[in-house]
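# Fold and geometry: a report
Below, each chain spelled out in residue letters.
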Amino acid sequence: MPPPAPAPERRRALLKHSKAFCVAAWTNLMIDPKNNVLPCDAADPRFPVGNISETRLDHILNSQTIRQMRLNMLSGAESPACHMCYEKDKRGVSSLRREFNAKFGRHFQLEATRDDGSVERHEIRHLDITFSSLCNFRCRYCDSRRSTAWLPDEKLWLGKVYSASSPTKPPQDVKNMLDQFEPYLSQMELIHFMGGEPLLMEEHYKLLNLLIERKLFHVELAYNTNFSVMQHKGRDVMELWNRFEKVTVGASLDAMGRRGEYIRKGQDWDQVLRNRERMLKVCPRVNFELAPAISVFNALHLPDFYMDWVRKGFVSPERFVPGFVLHPDFYCAQILPEHLKARAIEKYEECIRKIIKPRGFPEESVGYATGGGAFRMVQDFLKAQDRSALLPKFVEMNRRLDAIRGESFADVFPELAELCKQSPQML
């Protein structure tokens, strides 16, 4: 047998060529609303590596579960918790695994990993934090596990609720969490706040205050936010953002006007516009990204929204970072009939032709790499699978929710009104 490759060469090979390796198991951390610890926010929540209410963080970081995950990755074996990234990689969709390897791979020290998968000193470079499911919106494709506002509709719509947990953590839990984070804060490069709606959460502001008190302004802040509330108990988050060297706001905006308000129930489109205009004045250095969730509702409209905001100067052309609604499955954009998919694909092509190429952006540099690359990804997603057999289920389930909310899909989305002609029979 040939001798094993030197550590630096093996490290480079793992980062570039392994289909299972992810540096997140060494450098990242995600905390969910129940205080479960996962290596990242793409990991399957059924496979936590610990819980900081039950075990101290310094012990969790070398728990049996995460040690086995590291050993799997070093040997090329897939880990059950990471199946979402493997599936995205196979479909050619940008995965967090690839993003983390590109961004944090330089911190991976192969020689610092013992034979049992443990590490002597764990350095947390990226923290994903979801303090709770507290939220003021009832987005069409969400549920009570991610939004407390969904509870009443969910019971009427489904006859059950997924989650009835408290929207906030007890003060002792918050203090315990922040105390455990504190030794790692100075080494962190990025803290990503998610929700629920993070800008509504007291815990978010306590963590910001801790960073400010320690003058850790180099820590990059990133957000997934519905972009509705910019003040909390007398604190202006835009002014707080100005204290930090780099802040990226991923605004979960799916459509303009009535369409946006229908998809993200609770949204006031005029308030969205006021918030964006004020942000350009108060904190112009903050990076602003359109981070829509692509679904059956907005697949056709989203290119119009994107081009409108680029032309108004509300978003830079490369700041388009879409995700895809996969659950509930009947809201997935792949349920669209082929002729509507073709129309949508042409509209994304128009974005590349009219916005990306004239400004000199390489197509692959938009979105996850920098909209051409992201637009190609959306086109490939629409082509990848025909799920139109779910259209009757979409019609029936969406009609039920319309009745509960007093809304009309066909009135708000005339370009998709033909979908309502599908048989309402449940599949």
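The structure under discussion appears in the preceding block.
### Digging into the overall build of the chain
In terms of helices and strands, the chain carries 17 helices and 14 strands. Oriented by its inertia axes, the alpha-carbon framework of the chain measures out at about 65 × 60 × 50 Å. Each of the 427 residues in the chain was classed as buried or not, and the buried ones make up 55%. One way to put it: in the chain the 62 positive side-chain charges average out to a point 1 Å from where the 55 negative ones average out.

### Focus on the sheet that holds strand 7 (residues 220–225)
The strand order 3-2-1-4-6-7-10-12 describes an open sheet built from eight strands, whose pairing is mixed. Since the sheet does not close on itself, it has two edges, and those belong to strand 3 (50–51) and strand 12 (287–290), each with one partner.

### With respect to the environment of Pro33
With respect to the helices and strands, Pro33 occurs in the loop between strand 1 (28–31) and strand 2 (36–38). Along the chain, Pro33 and Gly196 lie 163 residues apart, while their C-alpha atoms are 9.3 Å from each other. Residues within four places of Pro33 in sequence aside, it is in contact with Thr130, Phe131, Ser132, Ser133 and Lys169.

### Details of helix 6 (residues 96–104)
All buried positions along helix 6 are accounted for by Arg97, Phe100, Asn101 and Phe104. Relative to the axis of helix 6, the buried residues are bounded by an arc of 100 degrees and lie together on one face.

### Looking at the pairing of strand 7
Taken across its six residues, strand 7 has five buried, putting it largely inside the fold. The pairing of strand 6 (residues 190–194) with strand 7 spans four bridges and is classified as parallel. For Ile191, the partnering residue across the bridge sits in strand 7 and is Leu221. In this region the chain leaves strand 6, passes through helix 9 (residues 202–213) and returns to the parallel neighbour strand 7; the handedness of that crossover is right-handed.

### Examining the nonpolar core
Judged by nonpolar contacts, the single largest core of 112 residues is most densely connected at Ile191, Trp241, Phe288, Tyr306, Trp309, Tyr331 and Phe394. In this view, Tyr331 contacts Arg140, Tyr141, Trp157, Ser295, Val296, Phe297, Val325, Phe394, Asn398 and Leu401; residues no more than four positions away in its chain are not counted. Core analysis: the next-biggest nonpolar cluster, separate from the first, contains 29 residues, Leu15, Trp26, Ala42 and Leu74 among them.

### A look at the pattern of salt bridges
Within this structure, the stated rule accounts for 34 salt bridges. Among the ionic pairs, Arg56 bridges to Asp58, the shortest N-O distance being 3.9 Å. The salt bridge partner of Arg376 is Glu349, with a shortest N-O separation of 2.6 Å. Note on Glu349: relative accessible area 24%, which makes it partly exposed. Overlapping salt bridges, with partners in common, bring together Arg106, Arg121, Glu123, Arg125 and Glu189 in one network.

### Here's the deal with the side chain of Ser295
Position of Ser295 relative to the elements: it lies in the loop between strand 13 (293–294) and helix 13 (302–312). Accessibility expressed as a relative area gives 0% for Ser295, which makes it buried. When near neighbours in sequence (up to four residues on either side) are disregarded, Ser295 contacts Val325, Tyr331 and Ala333.

### With respect to unusual backbone geometry
Excluding glycine, most residues fall at negative phi; most peptide bonds, likewise, are trans. Cis geometry marks the peptide bond from Gly195 to Gly196; its omega dihedral reads 15 degrees. In this fold, Gly196 is placed in the loop between strand 6 and helix 9. In this structure, the amide linkage connecting His327 to the following residue, Pro328, adopts the cis form with an omega of -5 degrees. Its identity is not glycine, yet Asn35 carries a phi of approximately 70 degrees, on the positive side. Secondary-structure assignment places Asn35 in the loop between strand 1 and strand 2. Judged by relative accessible area, which is 5%, Asn35 ranks as buried. Positive phi, normally seen in glycine, also occurs at Lys233, with a value near 50 degrees. Here Lys233 lies in the loop between strand 8 (231–232) and strand 9 (235–236).

### Focus: the packing of helix 13 against helix 14 (residues 338–356)
Where helix 13 contacts helix 14, the axes come no closer than 9 Å and their chain directions differ by 15 degrees. What the angle tells us is that helix 13 and helix 14 run roughly parallel. Crossing geometry of helix 13 relative to helix 14 is assigned as right-handed. The residues of helix 14 that touch helix 13, namely those facing Leu302, Pro303, Asp304, Tyr306, Met307, Val310 and Arg311, are Lys347, Tyr348, Glu350, Cys351, Lys354, Ile355 and Ile356. Each residue belonging to the contact of helix 13 with helix 14 can be placed in one class, and the counts come to nine nonpolar, no polar and five charged.

### Things to note about the packing of aromatic side chains
Using the criterion set out here, one finds 32 aromatic pairs in the structure. A network of ring pairs unites the aromatic residues Trp150, Trp157, Tyr262, Phe297, Phe330, Tyr331, Phe394, Phe409 and Phe413 as a single cluster. Lying across the ring of Trp26, Arg70 places its NZ or CZ 6.0 Å from the centre.

### Focus on the packing of helix 7 (residues 151–158) against helix 16 (residues 391–405)
Direction vectors running N to C along helix 7 and helix 16 enclose 130 degrees, while the axes themselves pass 10 Å from each other. One finds that helix 7 runs oblique with respect to helix 16. Viewed along their axes, helix 7 and helix 16 form a crossing whose handedness is right-handed. Of the residues in helix 16, those in contact with Asp153, Leu156, Trp157 and Leu158 of helix 7 are Met397, Arg400, Leu401, Ile404 and Arg405. Residues belonging to the contact of helix 7 with helix 16 are distributed by class as follows: six nonpolar, no polar and three charged.

Conventions adopted
- Residues numbered from 1 in each chain as written.
- Predicted model: local features only at pLDDT ≥ 70, side-chain atom pairs only at ≥ 80, totals over all residues.
- Heavy atoms only, no water.
- Helix = DSSP H or I, 4+ residues; strand = E, 2+ residues; numbered from the N terminus.
- Buried < 20%, exposed > 50% of the residue type's maximum accessible area, 1.4 Å probe, protein only.
- Lys, Arg positive; Asp, Glu negative; His and termini not counted.
- Charge placed at Lys NZ, Arg CZ, Asp CG, Glu CD.
- Pairing = 2+ DSSP bridges.
- Contact = heavy atoms within 4.5 Å.
- Arc of directions from axis to C-beta.
- Right-handed = clockwise from strand over helix to strand, strands pointing away.
- Core = buried A, V, L, I, M, F, W, Y, C linked by side-chain atoms within 4.5 Å.
- Salt bridge = Lys/Arg side-chain N within 4 Å of Asp/Glu carboxyl O.
- Axes fitted to C-alpha atoms, helices over the stretch in contact; angles between N-to-C directions.
- Parallel < 35°, antiparallel > 145°, perpendicular 65-115°, else oblique.
- Left-handed = near helix turned anticlockwise from the far one by under 90°.
- Nonpolar A, V, L, I, M, F, W, Y, C, P; charged D, E, K, R; others polar.
- Phe/Tyr/Trp six-rings, centres within 6.5 Å; stacked < 30°, edge-to-face > 60°.
- Lys NZ or Arg CZ within 6 Å of the ring centre and 35° of its normal.

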